[in-house]
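# Observations on chain architecture
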Amino acid sequence: MQEVTETKKQSFLSGLTGQIIIAMVLGAILGIILHNSISPEAAQAFSSKIKMLATVFIRLVQMIISPLVFTTLVVGIAKLGDIKTVGRIGGKAIGWFFTASFISLLIGLFYVNILQPGVGLKLDHVDMAAASEVTGKTQNLSFDNFVEHIVPKSIVEAMATNEILQIVVFSIFFGLAAASLGEKVKPIIGAFDKLSHIVLKMVNYVMKFAPIGVFGAIAGVFAIRDAEELVITYFKFFGSFLIGISTLWVILIAVGYIFLKGRMTELLRRITGPLAIAFGTTSSEAVFPKLTEELEGFGVKDKIVSFMLPLGYSFNLDGSMMYMTFASIFIAQFYNVHLDLGTQMAMLLVLMLTSKGIAGVPRASLVVVAATCGMFDIPIEGIALILPIDHFCDMFRSATNVLGNALATSVVGQWEDGKE
């Protein structure tokens, strides 16, 4: 019995998830030691250098996202066979995504009103200049920009900038056209299928670098942030946020057990690695290829995974949605801007729509929060209030986005199994 336990410990530590957790702990320790022992200037220099490890890892992942999305989605749609099937699965996907988004927004709305983390809060030395990078992007949030963000003018440009939603639109048209030509294009679809497997093999090589990337990301943050001071200053904000995100996790996992029954336990086990990577790097995009592999291993058909995940990464960001209402109303509370229930519900609907068009935008959640504040006469510079703690919130919301997309894909995959 002791030998079995020892073997499990060894396999955990030698596995990807164990390595990532060790990397997070070591990165935090190194960052805290350096923060307390060197000058702020030296710490900033160290942080910018060590974060390059995370940047290299994320860029390696981004390198393979476009070919993976394009090849798997085209093959998946060609296998689905007709526009009616694509429409049926797409309808289920969009229905799930908007329901999940609405529930996530409501959770954020509920807890920020009940716990009121912004009321009576005193924050000194708020760096307003740091917010200019985020607020400068809010001018791009318009209906025209939303449409332009969805429809590509060039597939090459969309792939070069990793615009997943635009790649999805092109791939759907390409896949449907290929399916309509039948036998003639089977060799091309077969070639795309083989190409997607090559890209998935590349995923295995890239993921070996994940612990190093996570180590760099965590060490870089703790080197320039006084964790203890942040916890004390933002205790109410961060604590309230964690209560909200925990509630969302409970709901998502409960829904998973309702639809997937006992298989939900296996799904959670399979996505532990992707969750840890998203948590450590604050990038749900960084786990897209690995999540694809794990969901196919879970038993979801490749044609469903290749269709659902790219859509989910554009429309189904549960953790980010919960954070958006929470942060927007937190800023209003800090500035003593009263918002009645009707106004808050209007804000919720605005967030529901504006958040769908900016997948892939750096610090997308903050951009939407800043734009929403501007629409409802809340001081837009209030975004600077949450910048110091945003990285730590982003760790939790990125992992939540991964959980939400894994669940949505698995449930729709199970529904479609019943159709065949």
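Only a predicted model underlies this, so the values are computations on that prediction, with no experimental measurement involved.

### Let's talk about the overall build of the protein chain
Regarding its fold elements, the protein chain presents 20 helices and 0 strands. In the protein chain, which comprises 420 residues, the share counted as buried stands at 51%. Across the protein chain, the fraction of contacts at a sequence separation of at least 24, relative to all contacts at a separation of at least 6, is 87%. Surface accessibility of the protein chain: about 18,600 Å² in total, with carbon and sulfur atoms responsible for 65%.

### Quick look at the UniProt feature "transmembrane region" (unreviewed entry) in the protein chain
Taking the UniProt record as the reference, the feature "transmembrane region" (unreviewed entry) is found at residues 12–36, 56–81, 93–114, 164–182, 203–225, 237–260, 311–335 and 341–359. Secondary structure content for residues 164–182 is 95% helix and 0% strand, while the C-alpha to C-alpha distance between its ends is 27 Å.

### Focus on helix H19 (residues 364–375)
Residues lying three or four places apart along an α-helix face the same way, a consequence of the helix completing one turn every 3.6 residues. Between its terminal C-alpha atoms H19 stretches 17 Å, which fits the 16 Å expected from 12 residues at 1.5 Å a residue. Listing the buried residues of H19 in full gives Ala-364, Ser-365, Leu-366, Val-367, Val-368, Val-369, Ala-370, Ala-371, Thr-372 and Cys-373. In the segment just after H19, Asp-377 is the residue with positive phi, at about 60 degrees.

### Considering the packing of helix H4 (residues 83–115) against helix H17 (residues 318–334)
The interhelical angle for the contact between H4 and H17, taken along N-to-C directions, is 30 degrees, at an axis separation of 7 Å. Taken together, the axis directions place H4 and H17 in an arrangement best described as roughly parallel. Of the two elements, H4 crosses H17, and the hand of that crossing is right-handed. Facing Ala-100, Ser-101, Ser-104, Leu-105, Ile-107, Gly-108, Leu-109, Tyr-111, Val-112 and Asn-113 of H4, the residues of H17 in contact are Asp-318, Met-321, Met-322, Thr-325, Phe-326, Ile-329, Phe-330 and Gln-333. Split by residue class, the contact of H4 with H17 holds 11 nonpolar, 6 polar and 1 charged.

### Quick notes on the environment of Val-203
Mapping Val-203 onto the fold places it in helix H9 (residues 186–207). Among all residues touching Val-203, those that are not within four sequence positions of it are Ile-64, Pro-289 and Lys-290.

### Digging into the environment of Ile-188
Inspection of the secondary structure assignment puts Ile-188 in helix H9. Distance in space between the C-alpha atoms of Ile-188 and Ala-178 is 8.9 Å, their sequence separation being 10 residues.

### Comments concerning the packing of H17 against H19
Geometrically, a packed helix pair is captured by the angle between its two axes and the distance between the axes. Relative orientation of the contacting elements H17 and H19 amounts to 40 degrees, with a least axis distance of 9 Å. In terms of orientation, H17 and H19 fall into the oblique class. You can see that H17 and H19 cross each other, and the crossing is right-handed. Seen from H17, the contacting residues are Ser-320, Tyr-323, Met-324, Ala-327, Ser-328 and Ile-331; seen from H19, they are Ser-365, Leu-366, Val-368, Val-369, Thr-372 and Cys-373.

### Side note on the confidence of the model for the protein chain
For the protein chain, per-residue confidence averages 83 on the pLDDT scale, and 87% of positions sit at 70 or higher. A low-confidence stretch, residues 1–13 stays under pLDDT 50, and its non-local contacts, those more than four residues away or across chains, total 6 contacts.

### A few points about the packing of aromatic side chains
Across all of its chains, the model carries 20 aromatic pairs by this definition. For the cation-ring pair, Arg-263 lies above Phe-298, with the distance from its terminal atom to the ring centre recorded as 4.1 Å. The aromatic ring of Tyr-323 is capped on one face by Arg-397, whose charged end is 4.1 Å from the ring centroid.

### Structural notes on the pattern of salt bridges
This structure, assessed with the given rule, holds 9 salt bridges. For the salt bridge of Lys-186 with Glu-183, the shortest nitrogen-to-oxygen distance reads 3.5 Å. There is no split in this pair, since Lys-186 and Glu-183 are both exposed. What emerges from the salt-bridge pattern is a single network uniting Glu-266, Arg-270, Lys-290, Glu-293 and Glu-294.

Basis of the calculations
- Residues numbered from 1 in each chain as written.
- Predicted model: local features only at pLDDT ≥ 70, side-chain atom pairs only at ≥ 80, totals over all residues.
- Heavy atoms only, no water.
- Helix = DSSP H or I, 4+ residues; strand = E, 2+ residues; numbered from the N terminus.
- Buried < 20%, exposed > 50% of the residue type's maximum accessible area, 1.4 Å probe, protein only.
- Contact = heavy atoms within 4.5 Å.
- Areas by Shrake-Rupley, 256 points an atom, 1.4 Å probe, with all protein chains shown as cover.
- UniProt positions renumbered as here; feature names shortened; annotations may be inferred.
- Expected span 1.5 Å × (residues − 1).
- Axes fitted to C-alpha atoms, helices over the stretch in contact; angles between N-to-C directions.
- Parallel < 35°, antiparallel > 145°, perpendicular 65-115°, else oblique.
- Left-handed = near helix turned anticlockwise from the far one by under 90°.
- Nonpolar A, V, L, I, M, F, W, Y, C, P; charged D, E, K, R; others polar.
- pLDDT = per-residue confidence, 0-100.
- Phe/Tyr/Trp six-rings, centres within 6.5 Å; stacked < 30°, edge-to-face > 60°.
- Lys NZ or Arg CZ within 6 Å of the ring centre and 35° of its normal.
- Salt bridge = Lys/Arg side-chain N within 4 Å of Asp/Glu carboxyl O.

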